[in-house]
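Below, each chain spelled out in residue letters.
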Amino acid sequence: MSETASAPQDPTDHPEGTPSRRTVLRTTAGAAGAVGAGLGLGALGTTPAAAAGPNTGTDTAPDGTAAGEAPPRQGRTMAGVPFDRRSTVRVGIVGLGNRGGSMIDLFLALPGVRVVAVCDPVKAKTEAAAAKVVAAGQPAPAVYAKGENDYVQLCRRGDVDLVYVATPWDFHFEMARTALVNGKHVGVECPIAMRLDELWTLVDLSERTRRHCMQLENCCYGRNEMRVLRMAHAGKFGELLHGAGAYNHDLRGLMFDPKYYEGPWRRLWHTRLRGDLYPNHGFGPVANYMDVNRGDRAVAISSFGSPALGLAEYRAAHMPPGDPSWKETYIESDRTISVVRTARGRIIRLEHDVSTPHPYSRINSLGGTKGVFEDYPERIYLEPDHQDDEWGDFSRYADEFDHWLWKEHANPPGGHGGMDYLMLFRLIQCMRLGLVPDFDVYDAATWTAPVPLSHASIRAGGAPQPIPDFTRGEWQRSRPGVDSVRPG
């Protein structure tokens, strides 16, 4: 899933020098040098940070603490903190491209939700979204379409409980930060930020403001993922040893389609970083299986990358001479492979490849002392159920181990096989009932940390990079997550 577009099969201030929305969406300025006006929010009393791009903020945390070390806690932990109970959740939506424009339909299909505000610099998109809200029988929402910074006004509203961010990656951090500073819970599409120091800033802000900042990782709510999760927690795999996840999805045609991604913003990230640009879909589910941040934690990552050839070859075959994309130089590895080590000695393999031809796969594998599951296609081998080196039928475990969400919503609406809907259903349910969310800012930071750290590791010849303990020790305490108990 991407922020301004839903791919068919799957599914502090912004730095000076970071491209503005106008620059990213409406120009194809060259390669790593594409820059524009910053997204500073001076009215909120902030100061500019260092530039994004190849500087991934991996050297230090915001307070100067060395990479891998946790800076002193500025507030109280958000682990295990419930939402305040409310009968109606009032939502403001920022970003109405393919992703936000489709997710609004699911928000409107949920009980106890009011969409009170919508925001996008493209006025026609806000008008279409507002029409959907009215057609659903709700009052017309407030519309924010006065330029790229109008989301600030939405975040300042007193009648918004949750800000949902579905914009290009460049702006996730700043929009999440602005929502938190203004006292709003915020859910952000993947990845939540692109720099390590930005992740620390969001962790600290969530703790100080007492508001949840969540990476909306929809693949955690896939039917297979939730079944494997419950089986792992029931001990069916024995002691867990290894897992794997990926985002291997041929996006070449979409990345060169100026309408699908509303310009070159996603492709331009291939001119800036070499590492795993989109680790969340693979990392999130496997982290859940292994109770990362809930009894185990990710401690280091080593990454390796192939040459960057795929996008240039596709451009040569499909783009006419003079197309603005010919000004771009791609450095993003066509295939990145990372190995994450956990405190309990487990290993997680992550892969990323959107630049070469191959079938879609998130890999989604889990292995332990009693057997293994592998997806794409789904297959399982467990002792004592299976023998003679023959894969078994994963569907035989559905009745016993399907998550209650899938038992209650056998055919959920929406894209990506229904997991988008279940993700939002569960989030809104937690907010309405005053429950602890299934994942929090620590999960968001951990699942996204491979973006800057894989780049740093590849540049260092695969040298391990420490993954910070964003929980500051809370990971040692067992606590619930996505494997939730059905509310009474």
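Only a predicted model underlies this, so the values are computations on that prediction, with no experimental measurement involved. (Residues numbered from 1 in each chain as written. Predicted model: local features only at pLDDT ≥ 70, side-chain atom pairs only at ≥ 80, totals over all residues. Heavy atoms only, no water.)

(A) Representation of the overall build of the protein. Along the protein, the regular secondary structure elements total 16 helices and 14 strands. The proportion of buried residues among the 488 residues of the protein is 61%. Total accessible area on the protein stands at roughly 17,300 Å², and carbon and sulfur atoms take up 51% of it. (Helix = DSSP H or I, 4+ residues; strand = E, 2+ residues; numbered from the N terminus. Buried < 20%, exposed > 50% of the residue type's maximum accessible area, 1.4 Å probe, protein only. Areas by Shrake-Rupley, 256 points an atom, 1.4 Å probe, with all protein chains shown as cover.)

(B) Focus on the pattern of salt bridges. Taken as a whole and assessed by the stated rule, the structure comprises 31 salt bridges. Its salt-bridge partner being E262, residue K125 comes within 2.5 Å of it at the nearest N-O pair. Of this pair, K125 sits in helix 3 (residues 123-135) while E262 sits in the loop between helix 8 (252-255) and helix 9 (265-268), and the two are 137 residues apart along the sequence. Exposure remark for K125: the relative accessible area of 23% places this residue in the partly exposed category. For E262, a relative accessible area of 15% corresponds to the buried category. For D296, the salt bridge is made with R346, and the minimal N-O distance between the two is 3.2 Å. With D296 in the loop between helix 10 (280-289) and strand 8 (298-305) and R346 in the loop between strand 9 (336-342) and strand 10 (347-353), this pair connects stretches of sequence that are 50 residues apart. Accessibility assignment for this pair places D296 and R346 in one class, buried. (Salt bridge = Lys/Arg side-chain N within 4 Å of Asp/Glu carboxyl O.)

(C) Main features of helix 15 (residues 441-448). Here helix 15 lies mainly inside the structure; eight of its eight residues are buried. For helix 15, the complete set of buried residues consists of V441, Y442, D443, A444, A445, T446, W447 and T448. In the core, the buried residues of helix 15 are packed alongside helix 6 (196-209), strand 6 (213-215), helix 10, strand 8 and helix 16 (450-459). The N-cap of helix 15, judged by a side-chain oxygen 3.1 Å from the amide nitrogen of Y442 a few residues on, is D440. (Contact = heavy atoms within 4.5 Å. Polar contact = N/O pair within 3.5 Å; in protein donor to acceptor, adjacent residues only side chain to side chain.)

(D) Region of interest: the sheet that holds strand 4 (residues 162-165). Read across the open sheet, the six strands follow the order 3-2-1-4-5-6; overall the sheet is parallel. Edge positions in the sheet fall to strand 3 (142-144) and strand 6, since each has one partner strand and no second. For this sheet, the mean inter-axis angle between neighbouring strands, taken without regard to orientation, is 25°. Two elements, strand 1 (residues 89-94) and strand 4, share four bridges in a ladder whose sense is parallel. (Pairing = 2+ DSSP bridges. Axes fitted to C-alpha atoms, helices over the stretch in contact; angles between N-to-C directions.)

(E) Expanded view of the side chain of R346. When its relative accessible area of 7% is taken as the criterion, R346 is described as buried. Within the local environment of R346, its side chain forms a polar contact with the backbone oxygen of L240, the two atoms lying 3.3 Å apart. When residues no more than four places from it in sequence are discounted, the contact partners of R346 are L240, L241, M290, D296, V340 and R341.

(F) A look at the sheet that holds strand 8. The strand order 13-12-11-7-10-9-8-14 describes an open sheet built from eight strands, whose pairing is mixed. A single partner strand is all that each edge strand has here, and the edge strands are strand 13 (379-382) and strand 14 (465-466). Set on the sheet, helix 10 makes contact with strand 7 (240-248), strand 8, strand 9, strand 10 and strand 11 (365-368); between it and strand 7 the angle comes to about 160°.

So yeah, pure geometry; function would need other evidence.
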